[in-house]
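Topology and contacts: notes
Each chain, written out:
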Amino acid sequence: MRATFLPYALPDIDETDLDGVREALESGWITTGPKVRQFEAAFAAAVGARYTIAVNSCTAAMHLSLEAVGVQRGDEVITTPYTFAATAEVVRYFDARPIFVDIEPHSFNLDPALIEQAVTERTRAILPVHVAGLPADLERIFSVARRHGLPVIDDAAHAFPARSQGQMIGSSGDLTCFSFYATKPIATGEGGMICTNNDRWAERCQVMSLHGISHDAWKRYSAEGSWYYEIVAPGYKYNLTDIAAAMGLAQLAKTERMWQRRAQIAARYTEAFGGVAELQVPHNRADCQHAWHLYMLRLNLARLRISRAQFIEEMKRRNIGCSVHFIPLHLHPYYRETYGYQPEDFPVSYREYQREVSLPIYSKMRDEDVQDVIDAVLEIVALNQR
Ligand SMILES: *Cc1c(COP(=O)(O)O)cnc(C)c1O
């Protein structure tokens, strides 16, 4: 057994991050400035988006995106219950309603076949999530969206770098929102990015990300700018700092290496668990590039004498951290009490949640760590077969 605890997630921080942050600090420009502009340009190039707006979280990115497409009180936004709190709470910020649509059992992603029947005259947007970094079926989602004149705002918190049918996630042209939270594939502590090809939405997100002011501070105070500004709407305080952007640039430069390593770990897990009847390995698609932000293993509970919670306890006893993605939103008190949901209202989400275990998958893991995870999982299964 391992002598030390293997954390569930760790960022990949090296000298390049430290150098970047040091440079930002020494420059004297520590809030939004040249590093942010550089990071936006580099990220736009990486995903193939015309416009990128750096913000301080993916939550902020989704809030601004919904604002830009004009979501208002009483409107509806179609999304998935199989996600993190942020995806639906941003809809509630407008006193609008998240309309949950169940997931596909194999992918954990929004089931495109169920979207059309959820569209009403109050629907204002569709908000899919690329769960674990496996792209949602954007082709079918866009086809429903276009039929009804709706924008697609994708929650790509897990999906960098990911590709769907040859297209980078972030290049859809509508609005894509990324997260640079501590555990995400690019980590800046806190951070996010909005990608779009629409100049009107880009302009609105930019303005609303900093107090609804028509010019940002670094232009105002630098030599090329002026002291004059105008407030065109009561905006938000969602701008990214140059300190975070400096780290983002360093992280971006090693994206390929970090992704290759995660893909390699995923392949080792799948090779080890693929033939085990008590386990179900994550789905992948040949026409996609999976970002492998999460490795979502599933337990075939009918073949085991332990629950998912006990399985995670057993992993912890073996010094390995695991997690669960996600506790579906309709099971949480707020959504249950506000909308009167029962667990079975989204039966696929409810069922898959009960047997999901996320294993550690990050580029800092050594080969021995990966082997320890494999050994622990196989041992727990062997000791608890029905
Ligand atoms: C992490 C996460 C978010 C929120 O990202 P922040 O940058 O922390 O706001 C949104 N959606 C999903 C699916 C996430 O996992």
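Residues numbered from 1 in each chain as written. Predicted model: local features only at pLDDT ≥ 70, side-chain atom pairs only at ≥ 80, totals over all residues. Heavy atoms only, no water.

Let's talk about the overall build of the chain
Looking only at helices and strands, the chain has 13 helices and 13 strands in total. For the chain, whose C-alpha radius of gyration is 21 Å, the value lies close to the compact-globule estimate of 21 Å for 386 residues. In terms of principal-axis extent, the alpha carbons of the chain reach across some 70 × 55 × 35 Å. When burial is assessed residue by residue, the chain has 58% of its 386 residues classed as buried. For the chain, long-range pairs separated by at least 24 residues make up 73% of all intrachain contacts whose partners lie at least 6 apart in sequence. On the chain, roughly 16300 Å² of surface is accessible, and the fraction owed to carbon and sulfur atoms is 53%. With 39 positive and 47 negative side-chain charges, the chain shows a spacing of 3 Å between the two charge centroids. (Helix = DSSP H or I, 4+ residues; strand = E, 2+ residues; numbered from the N terminus. Rg over C-alpha atoms; globule rule 2.2 N^0.38 Å. Buried < 20%, exposed > 50% of the residue type's maximum accessible area, 1.4 Å probe, protein only. Contact = heavy atoms within 4.5 Å. Areas by Shrake-Rupley, 256 points an atom, 1.4 Å probe, with all protein chains shown as cover. Lys, Arg positive; Asp, Glu negative; His and termini not counted. Charge placed at Lys NZ, Arg CZ, Asp CG, Glu CD.)

A word on the site of the ligand
Taken together, 16 residues form the shell around the ligand, and within it Thr59, Asp155, His158, Ser179 and Lys184 come nearest. Thr59 places a polar side-chain atom, nitrogen or oxygen, 2.5 Å from an oxygen atom of the ligand. Interatomic distance of 2.7 Å between a side-chain N/O atom of His158 and an oxygen atom of the ligand. Protein coverage of the free-state accessible area of the ligand, which is 390 Å², stands at 92%. Put simply, the ligand lies in the largest pocket. Those elements giving two or more residues to the shell around the ligand turn out to be α3 (58-68) and α4 (85-92). (Near = heavy atom within 4 Å. Polar contact = N/O pair within 3.5 Å; in protein donor to acceptor, adjacent residues only side chain to side chain. 1 Å grid on protein atoms, 1.4 Å probe; cavity = no way out; pocket = protein on both sides within 12 Å on 5 of 7 lines; lining within 4 Å. Sits in = over half its atoms within 2 Å of the grid points.)

Some remarks on the domain arrangement of the chain
Frequently, the measure chosen for interface size is the accessible area removed from exposure when the parts meet. Along its sequence, the chain is organised into domain 1 (15-253) and domain 2 (255-322 + 360-383). Its C-alpha centre places domain 1 at a distance of 29 Å from the equivalent point of domain 2. Facing the 28 residues of domain 1 at the interface are 17 residues of domain 2. Both faces combined, the contact of domain 1 with domain 2 buries some 1800 Å², and carbon together with sulfur accounts for 58% of it. On the domain 1 side of the contact with domain 2, Ala132, Leu134 and Pro161 bury the most area, a combined 31% of that side's loss. Our count for the domain 1 to domain 2 interface comes out at 0 salt bridges. The interface formed by domain 1 and domain 2 contains 11 residue pairs in polar contact (both at pLDDT 80 or more). For the side of domain 1 that touches domain 2, the secondary structure elements donating two or more residues are β6 (163-164) and α8 (242-253). With 3 residues, the top contributor of residues to the side of domain 1 that touches domain 2 is α8. Counted by class, the side of domain 1 that touches domain 2 contains 16 nonpolar, 9 polar and 3 charged residues. (Domains from an automatic or database assignment. Buried area = accessible area lost by both parts, 1.4 Å probe. Salt bridge = Lys/Arg side-chain N within 4 Å of Asp/Glu carboxyl O. Nonpolar A, V, L, I, M, F, W, Y, C, P; charged D, E, K, R; others polar.)

Quick notes on the pairing of strand β12 (residues 295-299)
Buried residues dominate β12, accounting for 5 of its 5 residues. Taking every second residue as pointing to the same face, both faces of β12 are buried, with Tyr295, Leu297 and Leu299 on one and Met296 and Arg298 on the other. By the bridge criterion, 2 bridges tie strand β10 (residues 279-280) to β12 in an arrangement that is antiparallel. If you follow Gln280 over to β12, its bridge partner there is Arg298. One ladder, built from 4 bridges, connects β12 with strand β13 (residues 356-359); its direction is antiparallel. Bridged to Arg298 within β13 is Glu356. (Pairing = 2+ DSSP bridges.)

Looking at empty space enclosed by the protein
Scanning the entire structure with this criterion turns up 1 cavity of 30 Å³ or more. In this structure, the largest cavity encloses a volume near 70 Å³. If you go around the largest cavity, the residues you meet are His106, Ser107, Phe108, Val131, Ala132, Leu134, Pro282, His283, His290, Leu294, Met296 and Arg298. Looking at the lining of the largest cavity residue by residue, the classes come out as 7 nonpolar, 4 polar and 1 charged. Inspection of the lining of the largest cavity shows a minimum of three residues originating in each of domain 1 (15-253) and domain 2 (255-322 + 360-383). (Points joined across faces, edges and corners; volume = space filled by probe spheres on them.)

A closer look at the sheet that holds strand β4 (residues 123-127)
Here we have 3 strands laid out as an open sheet, ordered β3-β2-β4, and parallel in their pairing. At either end of the open sheet lies a strand with only one pairing partner, and these are β3 (97-100) and β4. Ignoring strand direction, the axes of neighbouring strands in this sheet form an average angle of 30 degrees. Pairing geometry for strand β2 (residues 76-79) and β4, over 4 bridges, is parallel. Bridge pairing links Glu76 to Thr123 in β4. (Axes fitted to C-alpha atoms, helices over the stretch in contact; angles between N-to-C directions.)

Some thoughts on the layout of surface pockets
Of the volumes computed, that of the largest pocket is approximately 630 Å³. Of all the secondary-structure elements, those providing two or more residues to the lining of the largest pocket are α3, α4 and α9 (255-273). Counted by class, the lining of the largest pocket contains 19 nonpolar, 13 polar and 5 charged residues. Formed jointly, the lining of the largest pocket draws a minimum of three residues from each of two domains, domain 1 (15-253) and domain 2 (255-322 + 360-383).

Focus: the pattern of salt bridges
All told, the structure shown has 29 salt bridges when counted by the stated rule. Between Asp75 and Arg124 there is a salt bridge, with its nearest N and O atoms 3.1 Å apart. Pair noted here: Asp75 is in the loop between α3 and β2 and Arg124 is in strand β4, with a separation of 49 residues, a long-range link. Given the relative accessible area of 28%, Arg124 is considered partly exposed. In this structure, Arg351 and Glu352 form a salt bridge, with 2.8 Å as the shortest nitrogen-oxygen distance. Here the salt bridges share partners, and the residues they tie into one network are Arg2, Arg366, Glu368, Asp369 and Asp372.

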